[in-house]
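Secondary and tertiary structure notes
So you can see what is in the structure, the chains are spelled out below.
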Amino acid sequence: MEPTRAPASGGRRRRRTLVAASGIALAILGYGGLHVVASAQLRKLLPEAIKTSVGGEDADRYVVSAEAVRISPWLTGLTVEGLTLSHDTTGVGLASEEPALIRSAGVQSFAVSGLRLIPLIRGKGIFISSIEIDAPEAELYFALPAAAETSEQDAESALRGAEEEGGTGGFSPPSATLRRVRIKDGSIALIQETELGTSLASLHGLSLELTDIAIDSVTVANPARALANSRVALAFDSARYLVEDSLYVISATGLRADSRGSRVDIEAFSVTPTLEASEFFPRLEKRADRINLHAGPIRLEGLDFRRYFAEDALHVRTIEVEGLDLHVYADINIPWGPRARPCRYHMGFAEIEVPLLIDTIRVVDAGIRYSELAKGSARPGELTFEELNGTIVNITNDRGRMTAETPAVADVRGKLFGEGEVHARLAYPLLSETLDYRIEASVGPMEMSVFNRFARNVVGVEVRKGRLDSLYFSKVTRQGRGSGRLHMQYRDLDFRIFDRNTGKAMPWHAVAGFLGNLVVRSNNPGKPGDEPRQGKIEYTCGENDIVFFEYLVHALGSGLKGVVIG
């Protein structure tokens, strides 16, 4: 018998399968080779593209390198690892004398995913699912020459013009989507040279996540405004800023913010002088208080993130500050500068260009210390308030909300010198063109000798003994003229007035301007059953009443004289 022959169709199928498999293998090899070549080419071109983007005409001042550049197998993603940028200090090829804005930068990992390559190649738009940046670091430096500096108004006009051009002049953004941006463990250092000196700022442990991103003409014209169109989750471990005159360091730790909850939490915030008072004040050309402030935790609730990022408008429902410790130190021997404005303590609110509205500030367990080094005094006097709790409502620069009928109101309770219970309420129309406010306050029982901590070194009065039973005053100020009544009941008061320079006692007429027959009331009321004497507050703001506290003390002094001296 002759052998059976295989059907011809089976051989053809095997050949077709072999050809198809070979074709697929060749395609895979070709694609793999293309993928390798594309990755290598991208690794070569990427540094040059970054140099040009960062340096512009001075691109040659930068050195850029990357450890690895990889395109995902299906061309839907890109990963760059070990990307570094540094300023070339050799000066080769510099096209301008301007200092580099970016001195150095680095990224541990930069990843783009969900990239749609075909629409990108065809110029139909940019479509990306997410961008993730791990451990970015940057050191920024800039100093503008005096001739190149522009006023704030010029800068704002230029910015508005650019935004208007981008938003209305027939400009239409390319089609684009970006669902998520995440930055993890970033750090930034900023060095700025100014006429006053060098300011230093740093930020560590930065985390930022943007989701629900909406890309529109405003976002394309000003990418920073993307924050206004996104859900924002922001955090950093620490931030520090050395101000340009090197007199203060401002720092914050443990910030956490989320636009979904409209909330910001800060573990601690501080404003710390870099010099002791003996070195601080000689550095000043005009009088300024030395501020030492520590607070935390701090909580902001009801923050309008969208308006803050889109318009630089700060609208907050509640700010709660715990553990505030504030020390204000004033040296009266230093003269005020030419811009000092008597009895215009509130005018700064009208000059704030950023729209501001804070419904309520709540202070919990605060301590405030005011120190004043008076003329002719070797040591400062100190006024202290402890265990302060209270609220301040309607802090704003919106003229529609700051009428005489809707003032800012502060209501505070605490202890004066750690002893006398204090309750004070101040109503203050912040945008009034004159000094207009209403205040009422009460002080509970305390030993009067504690006032020596302030009075001995500031006004040259020493209380030898005395017991304050109660003090209450109510004062209205209109156009800088204060009037009101002061009620004060006390027992066994004995004090002396002396020269702060020599320590010698001074006669009454030399101090008060009277010629004799002066009576110092040791008790008020004079005896049981008598009506206590009241003091009449009458005082007009003077040229030296630059600080609100100075004006208030002078006004109260006019009422105290009517009670104690007759």
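Here's the deal with the overall build of the chain
- Along the chain, the regular secondary structure elements total 10 helices and 24 strands.
- Buried residues in the chain amount to 37% of all 566 residues.
- For the chain, long-range pairs separated by at least 24 residues make up 63% of all intrachain contacts whose partners lie at least 6 apart in sequence.

Regarding the packing of aromatic side chains
- Summed over the entire model, instances satisfying the criterion amount to 11 aromatic pairs.
- Between the aromatic rings of F281 and Y329, the centroid separation amounts to 5.2 Å while the plane-to-plane angle is 70°, which identifies the pairing as edge-to-face. Placement of the pair is F281 in the loop between α5 (277–280) and β12 (290–295) and Y329 in strand β15 (residues 325–331), with a sequence separation of 48 residues.
- Using a relative accessible area of 12% as the deciding quantity, one classes Y329 as buried.
- An aromatic cluster of three or more residues is present, and its members are Y428, Y437, Y539, F548 and Y551.

Points about helix α10 (residues 548–564)
- In this model α10 runs 24 Å from its N-terminal to its C-terminal C-alpha over 17 residues, within 8% of the 24 Å that 1.5 Å per residue would give.
- Against the buried residues of α10 lie β20 (437–443), β22 (461–478), β23 (481–497) and β24 (534–540).

Details of the nonpolar core
- With 107 residues, the main nonpolar core has V264, I319, Y437, F473 and M488 as its most contacted residues.
- Per-element accounting of this core gives the leading share, 7 residues, to strand β16 (residues 356–373).
- Residues in contact with V264, not counting those within four places in the same chain, are L255, R256, A257, I298, R299, L300, L303 and F305.

Describing the side chain of S109
- Mapped onto the fold, S109 is located in strand β4 (residues 102–113).
- Dropping the residues within four chain positions of it, S109 is found in contact with T79, V80, E81, E132, I133 and D134.

Here we look at the side chain of T384
- Mapped onto the elements of the fold, T384 is located in strand β17 (residues 381–396).
- A polar atom in the side chain of T384 sits 2.9 Å from the side chain of E386.

Some words on the environment of G444
- Summarising the element assignment, G444 is placed in the loop between β20 and β21 (446–447).
- For G444, a relative accessible area of 14% puts it in the buried group.
- Sequence separation between G444 and L471 is 27 residues, and the spatial gap between their C-alpha atoms is 6.8 Å.
- When residues no more than four places from it in sequence are discounted, the contact partners of G444 are G420, E421, L468 and D469.

Some thoughts on the confidence of the model for the chain
- For the chain, mean pLDDT is 78; residues scoring 70 or higher make up 75% of the total.
- Overall, residues 92–96 carries pLDDT values under 50, and its contacts beyond four positions in sequence, including any with other chains, amount to 8 contacts.
- Note on residues 145–152: pLDDT is under 50 here. Beyond four places in sequence and across chains, it has 5 contacts.

Quick notes on the pairing of strand β2 (residues 68–71)
- Examined bridge by bridge, β2 and strand β3 (residues 78–87) share 4 bridges and lie antiparallel to one another. Residue pairing across strands places R70 opposite T79, the latter belonging to β3.

Cut-offs and rules
Residues numbered from 1 in each chain as written. Predicted model: local features only at pLDDT ≥ 70, side-chain atom pairs only at ≥ 80, totals over all residues. Heavy atoms only, no water. Helix = DSSP H or I, 4+ residues; strand = E, 2+ residues; numbered from the N terminus. Buried < 20%, exposed > 50% of the residue type's maximum accessible area, 1.4 Å probe, protein only. Contact = heavy atoms within 4.5 Å. Phe/Tyr/Trp six-rings, centres within 6.5 Å; stacked < 30°, edge-to-face > 60°. Expected span 1.5 Å × (residues − 1). Core = buried A, V, L, I, M, F, W, Y, C linked by side-chain atoms within 4.5 Å. Polar contact = N/O pair within 3.5 Å; in protein donor to acceptor, adjacent residues only side chain to side chain. pLDDT = per-residue confidence, 0-100. Pairing = 2+ DSSP bridges.

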